[in-house]
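Given next are the chains, with one letter for each unit.
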Amino acid sequence: MPVEWPRLPYEAWAATCDTLHAHTQVLGKLAAALAPPEPQLQHAALRLSARGWETLPLPAPDGSGAVVVALDLQAHEAVAEHNDGRARRVALTPDRPVGEVTRELLAAVRSLAGDVSIDPTPRETPWTTPLDEDDEHATYDRAQVGPYFAAAIRAALVLTTFRAPYRGRSTPVNAWWGSFDLAVSLFSGLPADPPAKDFITRNAMDAQEIAVGWWPGDPRYPRAAFYAYAHPAPDGFATGSLSPAAARWEPTLGEYILDWDDVRTSPDPHHTALEFARSAAVHACTVCDWDPALRGSLQGTPPPVS
């Protein structure tokens, strides 16, 4: 019997969502500080594992090897682990403030891998309190984290399936700690002008890109949803007719949207979400005039071998 996809009403878990979002920022800032820089800021992205959010192996500042930092959403702990087997664990419960967890986790990383510092100012959040001073965000409800993580895993599997056949450059399923979402980016291979001059935009959006992702909701759009956009988006991009029928253009976001509830209540949620991802990407490839072979590969049809 198919397993039902979980409900994820944003208003019901917004406080826990914000706390969890803040915890992911610490991991992301460690990745940004320690990992070798990559195009489109890929070195700063996190990954979703079977246990939660985590960094890739990061070079230890003291030269002793590598360290991975994770949020274990099964054990409800932040974990720093060295490749030599040493590990430190920091409890996320009961309702511990972000500032307290941040200070303990940074101390744990330093004890394993040497001195490291981060800019504690949160990115892309409505709040500006430094992470190591944040006593406001302290709600962590295990019963709410569980459905979120189950939903995130389902979404990640859709995105993994979507990107698998693409023959151009693409990213893995990134877990982005600024916007607290999961996303896959496909690239045409051509450059693009960034739409703004701030650090993140000018470094992250300097190539032609189609992005498909999922978020659990936020104050701008308080519903979990899949989304899709193209950069740069030509005239006519917003007028596409996507599948399934519940997909729509959301002008306030500048993105195509398919709400989570429309996905999870469909007869085949995975297929429904995948249909949206492919439909959005094929539409974007068409109106953005990408190589037809790249567009064809999105449907699982590779270009012919010469």
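Everything discussed here concerns the structure shown above.
Bear in mind that the values here come from a model prediction, so they are computed numbers and not experimental data. (Residues numbered from 1 in each chain as written. Predicted model: local features only at pLDDT ≥ 70, side-chain atom pairs only at ≥ 80, totals over all residues. Heavy atoms only, no water.)

Draft legend 1. Main features of the environment of A246. Within the secondary structure, A246 is located in the loop between β10 (225-231) and β11 (248-250). Each C-alpha atom, one on A246 and one on D262, is 6.9 Å from the other, the two residues being 16 residues apart in sequence. Those residues within four positions of A246 in sequence are excluded, and the remaining contacts are I257, L258 and D262. (Helix = DSSP H or I, 4+ residues; strand = E, 2+ residues; numbered from the N terminus. Contact = heavy atoms within 4.5 Å.)

Draft legend 2. Fine view of the environment of N203. Structurally, N203 is set in helix α4 (residues 199-204). In the structure, N203 is positioned 162 residues away from L41 in sequence and 6.6 Å away in space, judged by C-alpha atoms. When neighbours within four sequence positions are excluded, N203 is seen to be in contact with Q40 and L41. From its side chain, N203 meets the backbone oxygen of F199 in a polar contact 2.7 Å long. (Polar contact = N/O pair within 3.5 Å; in protein donor to acceptor, adjacent residues only side chain to side chain.)

Draft legend 3. Summary view of the pattern of salt bridges. One pass over the structure, following the stated rule, counts eleven salt bridges. R51 serves as the salt-bridge partner of D72, at 2.7 Å between the closest nitrogen and oxygen. One end of the pair, D72, is in strand β4 (residues 66-72); the other, R51, is in the loop between β1 (47-48) and β2 (52-54), and 21 residues separate them in sequence. Ionic pairing is found between R89 and E77, a salt bridge with its closest N-O pair at 3.2 Å. Here E77 lies in strand β5 (residues 77-82) and R89 lies in strand β6 (residues 87-91), a separation of twelve residues in the sequence. Within this structure, R223, R248, E250 and D259 form a network of salt bridges that share partners. (Salt bridge = Lys/Arg side-chain N within 4 Å of Asp/Glu carboxyl O.)

Draft legend 4. Local environment of the pairing of strand β12 (residues 255-259). Counted residue by residue, β12 has five buried out of five residues, so it is predominantly covered. Burial along β12 is two-sided: E255, I257 and D259 facing one way and Y256 and L258 facing the other are all buried. Inspection of the sheet shows β11 paired to β12 by three bridges, in the antiparallel sense. Within the sheet, the bridge partner assigned to W249 lies in β12 and is Y256. Hairpin remark: β11 followed by β12, antiparallel, with four residues in the connecting loop; positive phi at G254, about 70°. (Buried < 20%, exposed > 50% of the residue type's maximum accessible area, 1.4 Å probe, protein only. Pairing = 2+ DSSP bridges.)

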